[in-house]
Amino acid sequence: MTEMFDVTIIGGGPAGLYSAFYSGLRGMKTKLIESQRKLGGKVLLYPEKMIWDVGGQPPVPGHTFVKQLVDQALTFEPTVCLDTKVEYVEKTADKHFLITTNHGEIHETKSIILAVGGGIIHPKRLDCPGAEKFEGETLHYTVPSLKLFYQKTVVVSGGGNGAIDWAVELLDIAKHVIVVYRQGDFPAHEAQVELLRKRNATILLNSTIETLIPHNHRNKIKQVVVKNVVSEETNAIDTDHLIVSHGFDREDSLQFASSIQLRKKDEYFYEASPTCSTSEPGIFAAGDIINYDGKVYLLVGAFQDAINAVNSAKQYIDPLAEKIAMVSSHNEKFREKNKQLLETELKL
Ligand SMILES: Cc1cc2nc3c(=O)[nH]c(=O)nc-3n(C[C@H](O)[C@H](O)[C@H](O)COP(=O)(O)OP(=O)(O)OC[C@H]3O[C@@H](n4cnc5c(N)ncnc54)[C@H](O)[C@@H]3O)c2cc1C
């Protein structure tokens with residue numbers, strides 16, 4: 001038999017990471033399984049974007065935020081399995097769960113927190129012949145470092161929040177920002193679109209990228225050929241970099257045994273209560289994968305869900321456990337750390 005855990009968290013994004021911290025705080029033996037090689041979930045897609053909207057947290061770039069989240073998640077030393085995709089979940093006669101991964105391993109657990117976000121996601125590739133040879137060099141699906149674009153001409157393809165946020169961020173860094181979008185207007189936040197229009201960005205609506213023209217013998221883009229879908233005119237634009245933000249393809253390979261009755265709101269979201277219980281006793285959920293009235297699809301929403309999911313899981317495995325949300329001062333682990341921090345503070 002494999003080692004039994006109190007809770008196994010599937011997904012190592014913000015919801016899963018904070019669940020791992022909080023379940024440690026509640027004294028639960030915790031395992032976290034993540035399909036990617038790195039923890040951080042979707043925040044890994046925006047390492048250089050500044051995050052402003054987490055209460056009490058000064059603005060930090062995504063990569064710093066991920067580091068802080070991971071450090072916090074490891075506080076109570078959960079077992080972490082990286083590069084491991086959960087494929088199948090079944091329930092045993094004694095109401096425990098068996099989780100099968102792509103490596104064929106079986107993990108045993110008393111409860112589960114689903115924190116799989118939008119599933120395993122991959123940025124949608126540019127539909128343009130030969131585009132893959134420019135990837136990583138001058139064609140980007142995430143922005144690894146803003147420095148790369150300093151004083152460069154950058155074309156951003158896409159019109160949603162991801163594309164427009166990048167374009168706005170680049171206004172102070174790049175020499176020139178050109179946004180190409182296939183529809184007649186942007187669906188992104190109005191205030192951001194307004195900023196783009198007020199500053200010197202070039203906006204090409206009803207337009208798509210048809211071809212990428214390389215520098216001689218090099219895997220660098222020299223020009224993008226843009227076609228206006230209304231007039232059918234084409235135009236070659238000199239560029240140093242191309243950022244493509246066309247959304248994500250989603251891989252949802254997680255299957256449940258037919259005896260597990262997990263209700264979905266639609267093909268995407270699992271139905272959950274505000275205390276993050278799903279329709280299947282013993283399975284709880286947190287973050288972008290669930291839907292209930294008032295659900296907030298932001299980092300803070302994922303954190304609140306994580307607390308509720310952990311508290312519900314704790315109640316499931318120990319009905320006599322405290323119902324109220326615990327605060328960090330209720331844990332021994334912090335006593336020594338608090339002492340050290342206080343001593344440092346008093347010396348100042
Ligand atoms: C471009 C962009 C910018 C954003 N900016 C902000 C912002 O400024 N402020 C803000 O509050 N929010 C922002 N968000 C939203 C925020 O990132 C999400 O709400 C948050 O990441 C949701 O966390 P999650 O843990 O639910 O899901 P995710 O972050 O999607 O993490 C889910 C994890 O589960 C893993 N997984 C999935 N299926 C399996 C499986 N079968 N087995 C194992 N692992 C699996 C995935 O690999 C992934 O790591 C932004 C989102 C995007 C896309």
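Owing to the predicted nature of the structure, the values given are computational and were not obtained by experimental measurement.

Attention now goes to the domain arrangement of the protein chain. Considered domain by domain, the protein chain is made up of domain 1 (4-121 + 249-344) and domain 2 (125-246). Just the C-alpha atoms count here: the centres of domain 1 and domain 2 sit 35 Å apart. Contacts between the two partners involve six residues from domain 1, matched on the other side by eight residues from domain 2. Carbon and sulfur atoms supply 56% of the area buried between domain 1 and domain 2, which totals about 550 Å² over both sides.

Right, let's talk about the sheet that holds strand S17 (residues 241-244) for a bit. Strand order in the open sheet formed by five strands is S10-S17-S11-S12-S13, with parallel pairing between adjacent strands. The open sheet terminates on both sides in strands that have one partner only, identified here as strand S10 (139-140) and strand S13 (202-204). On top of the sheet, helix H3 (residues 161-170) reaches strand S11 (153-157), strand S12 (176-180) and S17; it is set at about 165° to S11, its chief contact.

Taken together, the neighbourhood of the ligand is formed by 29 residues, with Glu-34, Lys-42, Tyr-46, Asp-288 and Leu-299 sitting nearest. At 2.9 Å from an oxygen atom of the ligand is found a main-chain nitrogen or oxygen belonging to Ala-15. Here a nitrogen atom of the ligand and a backbone polar atom of Val-86 are 3.0 Å apart. Residues of the shell around the ligand, tallied by class, amount to 12 nonpolar, 11 polar and six charged.

Applying the stated criterion across every chain, the model contains 13 salt bridges. Across the salt bridge formed by Arg-263 and Glu-271, the nearest N and O atoms sit 3.1 Å from each other. The partly exposed category is assigned to Glu-271, whose relative accessible area is 27%.

Right, let's get into the UniProt feature "binding site: FAD" (unreviewed entry) in the protein chain. Per the UniProt record, the feature "binding site: FAD" (unreviewed entry) sits at Glu-34, Lys-42, Tyr-46, Val-86, Ile-121, Asp-288 and Ser-329. These annotated residues cover 296 residues of sequence, and their C-alpha atoms reach 36.8 Å apart at the extremes, leaving them scattered rather than at a single site. Among the structural elements, Lys-42 can be located in the loop between strand S2 (30-33) and strand S3 (50-51). Sequence-distant contacts of Lys-42, that is, excluding residues within four places in its chain, are made with Gly-117, Gly-118, Ile-121 and Asp-288. For Tyr-46, the location among the structural elements is in the loop between S2 and S3. Classification of Tyr-46 as partly exposed rests on a relative accessible area of 22%. Ignoring sequence-local partners within four residues, the contact set of Tyr-46 consists of Ile-51, Gly-62, Trp-166 and Leu-299.

Each aromatic ring pair is described using two quantities: the centre-to-centre distance and the angle formed by the ring planes. Tallied over the full model, the rule gives 12 aromatic pairs. The interplanar angle of 45° and the centroid separation of 5.8 Å between the aromatic rings of Phe-21 and Phe-76 together place this pair among those described as tilted. Placement of Phe-21 in helix H1 (residues 14-25) and of Phe-76 in the loop between helix H2 (62-73) and strand S5 (79-81) is noted, with a sequence separation of 55 residues between them. You can call Phe-76 buried: its relative accessible area is 18%. Between Phe-76 and Phe-334, the aromatic rings sit 5.8 Å apart at their centres with planes inclined by 90°, giving edge-to-face as the arrangement. One end of the pair, Phe-76, is in the loop between H2 and S5; the other, Phe-334, is in helix H6 (residues 333-347), and 258 residues separate them in sequence. Residue Phe-334 is classed as buried on the basis of its relative accessible area, which comes to 14%. Through a chain of ring-to-ring contacts, three or more aromatic side chains come together here, namely Tyr-18, Phe-21, Tyr-22, Phe-65, Phe-76, Phe-303 and Phe-334. Above the ring of Tyr-46, the side-chain terminus of Lys-49 is found at 5.4 Å from the ring centroid. Its guanidinium or amino end placed over the ring of Tyr-297, Lys-295 lies 5.2 Å from that ring's centre, counting from NZ or CZ.

What counts and what doesn't
- Residues numbered from 1 in each chain as written.
- Predicted model: local features only at pLDDT ≥ 70, side-chain atom pairs only at ≥ 80, totals over all residues.
- Heavy atoms only, no water.
- Domains from an automatic or database assignment.
- Contact = heavy atoms within 4.5 Å.
- Buried area = accessible area lost by both parts, 1.4 Å probe.
- Pairing = 2+ DSSP bridges.
- Helix = DSSP H or I, 4+ residues; strand = E, 2+ residues; numbered from the N terminus.
- Axes fitted to C-alpha atoms, helices over the stretch in contact; angles between N-to-C directions.
- Near = heavy atom within 4 Å.
- Polar contact = N/O pair within 3.5 Å; in protein donor to acceptor, adjacent residues only side chain to side chain.
- Nonpolar A, V, L, I, M, F, W, Y, C, P; charged D, E, K, R; others polar.
- Salt bridge = Lys/Arg side-chain N within 4 Å of Asp/Glu carboxyl O.
- Buried < 20%, exposed > 50% of the residue type's maximum accessible area, 1.4 Å probe, protein only.
- UniProt positions renumbered as here; feature names shortened; annotations may be inferred.
- Phe/Tyr/Trp six-rings, centres within 6.5 Å; stacked < 30°, edge-to-face > 60°.
- Lys NZ or Arg CZ within 6 Å of the ring centre and 35° of its normal.

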